[in-house]
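# Secondary and tertiary structure notes
Each chain, letter by letter, is given below.
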Amino acid sequence: MSAGQELPAPPPALFPDRATRTRVEDALTRALMDAGERVAQGSVVPTLERAALRQELAQFDFVTPRALDELLTWTIARLEQGVVHMNHPRYFGLFNPAANFPSQCADRIAGSFNPQLASSGSSPAPVEIEAHVIRAIARRAGLPEDSGGHFTTSGSEANYTALVCALTRAEPRFETEGVRAFAGPVAMYTSRECQPAWFKIVHQAGVGRDALRLIGTDGQGRMDVSALERAITADRARGVVPVLISPTAGTTAAGMIDPLTACAQLARRHGLWNHVDAAWGGAALASERLRKLFTGIELADSITIDAHKWFATTMGCGMFITRHPQVLSAAFKVAAEFMPSSVTALDPYLNTVQWSRRFLGLRLFLSLAAAGWEGYGTHVERAAAVTAAVRERLVARGWQVVNDSQLAVLCVIPPPGFAPIRELVKRVLGSGRAWVAVAKTEGREVVRVCVTHGETALEDVEQLVAALEAKA
Ligand SMILES: Cc1ncc(COP(=O)(O)O)c(C=O)c1O
């Protein structure tokens, strides 16, 4: 562009003026609240025809611009009809919460400032805020004061980070030579009730899917620690190199807690990294009553806890917490002259899988600061109480509960005379009245009912029970 020539005006569709922004944002806030109220009264499951949506999408040729107000209205309507509603009080589903309000505010703020959390040089305040929250969670779990970690996009990323740390600590030459540095094939151990992302994790970490040992359970969905020790000893005898054990604290299907102290002691005896996967269950540390179930977590080398599960933040907010933050630096260090970094131990790009990072941790910071541990304690205990209410009603009607969990998940089998589990669940979903899942625990197919919505009421429990009991 030569001197004297004018720059084109920024496109107002992307960068509207203040008055337009204010008007659109106010309308958006109201539209979302109205939609939320309609969702709670309507079907939990999608009602939208995919073919019709595809036809509508075909009209978006991205040639003729459309008004943002209309686009927002269109999008809200399609989401209202086109998703399983985690924000419906009768979504008794997978560990996807109805997002709490402070975390939604956090997303708004993070989206507006859009800070880059790769480096503390660019984002000193966000990096400090995240580190503060991570230390608070570590303390709550009983880890030492100098523990560290970071926010991740998911529990899977946090579990992947654990495996990379275990490999890095077990063999310093892993950094340069990868798994070839080990004296034999590498193995990691978790139970057969583990979350299946572990299969992808061993694949992407380069140790291969054969490296995953699924240890048997005790008939109650908990890892059999004697079987674990036998597997480690047998592997060693065959020249395999064990690196990591991962007990689960709150299994995905049944909410069971593996014997955390015994696993930690065994890991110590065998010199293995002990990573507790508390992706969902970890939020129960907020409750004075329920946290006792997690005794032994304080001995972990590292822990996964997802804020986007039982802490009920918006999606994509996991945490990796470790008593060995220096191993993170060993695993993820890198030199990059262009980074506006103060190159402190805190710099996320030097300690995490990610590079560019969103300000994820603000979601839990605002939620925890607004509610306090006590508020979160009430939140998780309330979910456990709603679960107990479902249990009581189903047991009174002859249903069998197959998981002995005090957390907010129930695995049930109907009495004789009901449709097979898959058909029964399909019928419940088809009714639109509630969402429950089919799951497998201890080799049995069950109906899985999990309380993930912070405002589910007893009236919703009655409706769920009616939907489960409806025979046609
Ligand atoms: C115990 C456990 N670990 C890990 C994960 C994976 O977490 P994410 O979905 O955040 O990747 C889940 C997901 O449900 C889980 O239940």
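Heads up: the structure comes first, above all this text.
Here is a short report on the structure shown in this document. Computed from a predicted structure; not experimentally measured.

## Some remarks on helix 11 (residues 325-332)
For helix 11, the complete set of buried residues consists of Val327, Leu328 and Phe332. Relative to the axis of helix 11, the buried residues are bounded by an arc of 115° and lie together on one face. Tucked into the core, helix 11 has its buried residues touching strand 1 (148-152), helix 6 (155-170), strand 5 (273-277) and strand 7 (318-322).

## Brief notes about the packing of aromatic side chains
All told, the structure shown has 9 aromatic pairs when counted by the stated rule. Seen in terms of ring centroids, tyrosine 91 and tryptophan 435 are 5.3 Å apart; in terms of plane orientation they differ by 40°. Their pairing is tilted. Of this pair, tyrosine 91 sits in the loop between helix 3 (68-82) and helix 4 (101-113) while tryptophan 435 is found in the loop between helix 13 (421-431) and strand 10 (437-441), placing the two residues 344 residues apart along the sequence. The pair formed by tyrosine 91 and tryptophan 435 is uniform in burial state, with each residue classed as buried. Here phenylalanine 311 and tyrosine 376 contribute two aromatic rings whose centre-to-centre distance is 4.9 Å and whose plane-to-plane angle is 90°, an arrangement assigned as edge-to-face. Taken together, the positions of phenylalanine 311 in the loop between strand 6 (302-306) and strand 7 and tyrosine 376 in helix 12 (residues 362-396) put the pair 65 residues apart, joining distant regions of the chain. Using a relative accessible area of 1% as the deciding quantity, one classes phenylalanine 311 as buried. Aromatic ring contacts, followed pair by pair, group Phe60, Phe62 and Trp74 into a single cluster.

## Things to note about the sheet that holds strand 9 (residues 409-413)
In spatial order, the strands read 8-9-11-10; together these 4 strands make up an open sheet with antiparallel pairing. One side of each edge strand has no neighbouring strand; the edge strands of this open sheet are strand 8 (400-401) and strand 10. Here strand 9 runs beside strand 11 (residues 444-450); their pairing, made up of 4 bridges, is antiparallel. Note on strand 11: the bridge partner recorded for valine 412 is valine 447. Packing of helix 12 onto the sheet brings it into contact with strand 8, strand 9 and strand 11, and relative to strand 9 it is tilted by some 15°.

## Quick word on the side chain of threonine 304
Mapped onto the fold, threonine 304 is located in strand 6. On the basis of relative accessibility, which here comes to 0%, the residue threonine 304 falls in the buried class. Within polar-contact distance, the side chain of threonine 304 engages the side chain of histidine 275 at 2.9 Å. Among residues more than four places away in sequence, those in contact with threonine 304 are Gly155, Ala158, Asn159, His275, Val276, Asp277, Ala278, Ala279 and Met319.

## Looking at the environment of valine 412
Mapped onto the secondary structure, valine 412 falls in strand 9. By relative accessible area, which is 0% here, valine 412 ends up buried. Along the sequence, valine 412 and tryptophan 399 sit 13 residues apart, while their C-alpha atoms lie 6.5 Å from each other. Those residues in contact with valine 412 that lie beyond four places of it in its chain are Leu394, Trp399, Gln400, Val401, Ile421, Val446 and Val447.

## Overview of the site of the ligand
The immediate surroundings of the ligand are formed by 14 residues, with Gly155, Ser156, Thr252, Asp277 and Asp306 found nearest. With respect to the ligand, the backbone of glycine 155 contributes an N or O atom lying 2.7 Å from an oxygen atom. In the model, an oxygen atom of the ligand is placed 2.9 Å from a nitrogen or oxygen of the lysine 309 side chain. Contact with the protein chains removes 86% of the 390 Å² of surface that the ligand exposes when unbound. The greatest single-element share of the shell around the ligand, amounting to 3 residues, is contributed by helix 6.

## Remarks on helix 8 (residues 197-204)
Considered for burial, the residues of helix 8 that qualify are Ala197, Trp198, Ile201 and Val202. Projected down its long axis, helix 8 shows its buried positions confined to an angular sector of 135°, all on one face. Where the residues of helix 8 are buried, they touch helix 6, strand 2 (186-191), strand 3 (212-215), strand 4 (241-245) and strand 5. A positive phi of about 85° marks glycine 206, the residue just after helix 8.

## Some remarks on the nonpolar core
In terms of nonpolar packing, the biggest core is built from 65 residues, with Ile303, Met319 and Val447 touching the most fellow members. Elements that contribute at least two residues to this core include exactly helix 5 (124-141), strand 6, strand 7, helix 12, strand 9, helix 13, strand 11 and helix 14 (458-469). With residues near it in sequence (within four places) discarded, valine 447 still touches Trp399, Leu410, Cys411, Val412, Ile421, Leu424, Val425, Val436, Ala437 and Leu468. In terms of nonpolar packing, the next biggest core, distinct from the first, is built from 29 residues, Tyr160, Ala162, Ala205 and Val243 among them.

## Side note on unusual backbone geometry
At asparagine 114, a position not held by glycine, the phi torsion is positive, near 45°. Considering the arrangement of structural elements, one finds asparagine 114 in the loop between helix 4 and helix 5. Overall, asparagine 114 belongs to the exposed group, its relative accessible area being 55%.

## Focus: a nonpolar patch on the surface
Together, Val334, Phe338 and Trp355 line one region of the surface with nonpolar side chains, adding up to about 320 Å² of accessible area. Tracing the backbone through its elements, the reader meets tryptophan 355 in the loop between helix 11 and helix 12.

## Structural notes on the state of the cysteines
Under the definition given, this model contains 0 disulfides. Considering cysteine sulfurs only, cysteine 450 is the nearest to cysteine 411, which forms no disulfide, with 9.3 Å between them.

What counts, and where the lines are drawn
- Residues numbered from 1 in each chain as written.
- Predicted model: local features only at pLDDT ≥ 70, side-chain atom pairs only at ≥ 80, totals over all residues.
- Heavy atoms only, no water.
- Buried < 20%, exposed > 50% of the residue type's maximum accessible area, 1.4 Å probe, protein only.
- Helix = DSSP H or I, 4+ residues; strand = E, 2+ residues; numbered from the N terminus.
- Arc of directions from axis to C-beta.
- Contact = heavy atoms within 4.5 Å.
- Phe/Tyr/Trp six-rings, centres within 6.5 Å; stacked < 30°, edge-to-face > 60°.
- Pairing = 2+ DSSP bridges.
- Axes fitted to C-alpha atoms, helices over the stretch in contact; angles between N-to-C directions.
- Polar contact = N/O pair within 3.5 Å; in protein donor to acceptor, adjacent residues only side chain to side chain.
- Near = heavy atom within 4 Å.
- Areas by Shrake-Rupley, 256 points an atom, 1.4 Å probe, with all protein chains shown as cover.
- Core = buried A, V, L, I, M, F, W, Y, C linked by side-chain atoms within 4.5 Å.
- Patch = residues over 30% accessible without salt bridge, like charges linked within 9 Å, V, L, I, M, F, W, Y side chains within 5 Å.
- Salt bridge = Lys/Arg side-chain N within 4 Å of Asp/Glu carboxyl O.
- Disulfide = S-S within 2.5 Å.

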